[in-house]
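Coordinates in review
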Amino acid sequence: AGDCVYCRLMSVQSGVFLSNSPSDTEAFAREIGRVISSSDTLLLHGPVGVGKSHLARSLIQALMDVPEDVPSPTYTLVQTYNTNVAEVWHADLYRISDAVEIEGLGLTEAFESAICLIEWPEILGDEAPRDAVSLFFATGIEKNQREIILRWTDPKWQNRLADIIDD
């Protein structure tokens, strides 16, 4: 049947999580931590300062036995963590100007076995895993409010996310 772009677009599922505070976002990350597993990828979209790193940091800490400091990978590009669930790769692609640089990071291999949290995933282009869930962050009306829209095409996410998002 080939790769049917229309078919993929028609099978897009979505949901929304409204966070009213950083602690709401942390609680949401813990809920994601209950349903995420090896070879899962979260693509974190949104402008600077909207909470992508906060969610990633909170999720990584939720997966650890003893939470440790989780620095932003803005300058290192990728940070890895050993957790109870799987190895976690947290990548910040903001400073990458060409998709060719992605190969040198080892992300394509990590997608196969690790949990991958990717900030600024637009640079991945066609290298983004098709079974990833995309989280689109936007500021809300109130100062600390964030709207997180989740979109996916892989059916595995529907049951996993059903209890933690609004349709």
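Conventions we followed
- Residues numbered from 1 in each chain as written.
- Predicted model: local features only at pLDDT ≥ 70, side-chain atom pairs only at ≥ 80, totals over all residues.
- Heavy atoms only, no water.
- Helix = DSSP H or I, 4+ residues; strand = E, 2+ residues; numbered from the N terminus.
- Rg over C-alpha atoms; globule rule 2.2 N^0.38 Å.
- Buried < 20%, exposed > 50% of the residue type's maximum accessible area, 1.4 Å probe, protein only.
- Contact = heavy atoms within 4.5 Å.
- Areas by Shrake-Rupley, 256 points an atom, 1.4 Å probe, with all protein chains shown as cover.
- Lys, Arg positive; Asp, Glu negative; His and termini not counted.
- Charge placed at Lys NZ, Arg CZ, Asp CG, Glu CD.
- Phe/Tyr/Trp six-rings, centres within 6.5 Å; stacked < 30°, edge-to-face > 60°.
- Lys NZ or Arg CZ within 6 Å of the ring centre and 35° of its normal.
- Pairing = 2+ DSSP bridges.
- Axes fitted to C-alpha atoms, helices over the stretch in contact; angles between N-to-C directions.

When helices and strands are counted, the chain shows six helices and seven strands. Listed N to C, the secondary structure of the chain is α-β-α-β-α-β-β-α-α-β-β-β-α in terms of helices and strands. What you see for the chain is a C-alpha radius of gyration of 15 Å, in line with the 15 Å of a compact globule of 167 residues. Per-residue burial for the chain yields a buried fraction of 43% across its 167 residues. Counted over contacts in the chain with a minimum sequence separation of 6, partners at least 24 positions apart contribute 63%. With an accessible surface of roughly 8900 Å², the chain has 49% of that area assigned to carbon and sulfur atoms. Positive and negative side-chain charges of the chain, numbering 12 and 26 respectively, have mean locations separated by a distance of 5 Å.

A separate point is unusual backbone geometry. Although it is not a glycine, Ser-39 sits at a positive phi angle of roughly 70 degrees. In this fold, Ser-39 is placed in the loop between helix 2 (22-35) and strand 2 (41-45). For Trp-120, which is not a glycine, the phi torsion comes out positive at approximately 60 degrees. With respect to the helices and strands, Trp-120 occurs in the loop between strand 5 (115-119) and strand 6 (133-139).

This part takes up the packing of aromatic side chains. Tallied over the full model, the rule gives two aromatic pairs. Aromatic pair Phe-17 and Phe-28: ring centres 4.1 Å apart, planes at 5 degrees, arrangement stacked. In this pair, Phe-17 is assigned in strand 1 (residues 13-19) and Phe-28 in helix 2, connecting sequence segments 11 residues apart. As far as burial versus exposure is concerned, Phe-17 and Phe-28 are alike and both buried. Plain terms: the ring middles of Tyr-94 and Trp-120 are 4.9 Å apart, the flat faces sit at 55 degrees to each other, and that makes the pair tilted. Remark: Trp-120 occurs in the loop between strand 5 and strand 6 and Tyr-94 occurs in the loop between strand 4 (87-92) and helix 4 (100-105); sequence separation between them is 26 residues. Sitting over the ring of Phe-136, Arg-151 keeps its end group 5.2 Å from the ring centre. The lysine or arginine in question, Arg-160, covers the ring of Trp-157, its NZ or CZ lying 5.0 Å from the ring centre.

Before going further, it helps to examine the pairing of strand 3 (residues 78-82). For a regular strand, the rule is simple: side chains alternate between the two faces of the sheet. Here five bridges tie strand 3 to strand 4, and the two strands are oriented antiparallel to one another. Paired with Gln-79 across the strands is His-90, a residue of strand 4. Linking strand 3 to strand 4, which pair antiparallel, is a turn of four residues.

Reading across from one edge, 1-7-6-2-5-4-3 is the order of the seven strands in this open sheet, with mixed pairing throughout. Each of the sheet's edge strands pairs with one partner strand only, and the pair in question is strand 1 and strand 3. When strand polarity is set aside, the average angle formed by the axes of neighbouring strands in this sheet is 15 degrees. Across four bridges, strand 2 lies against strand 6 in parallel orientation.

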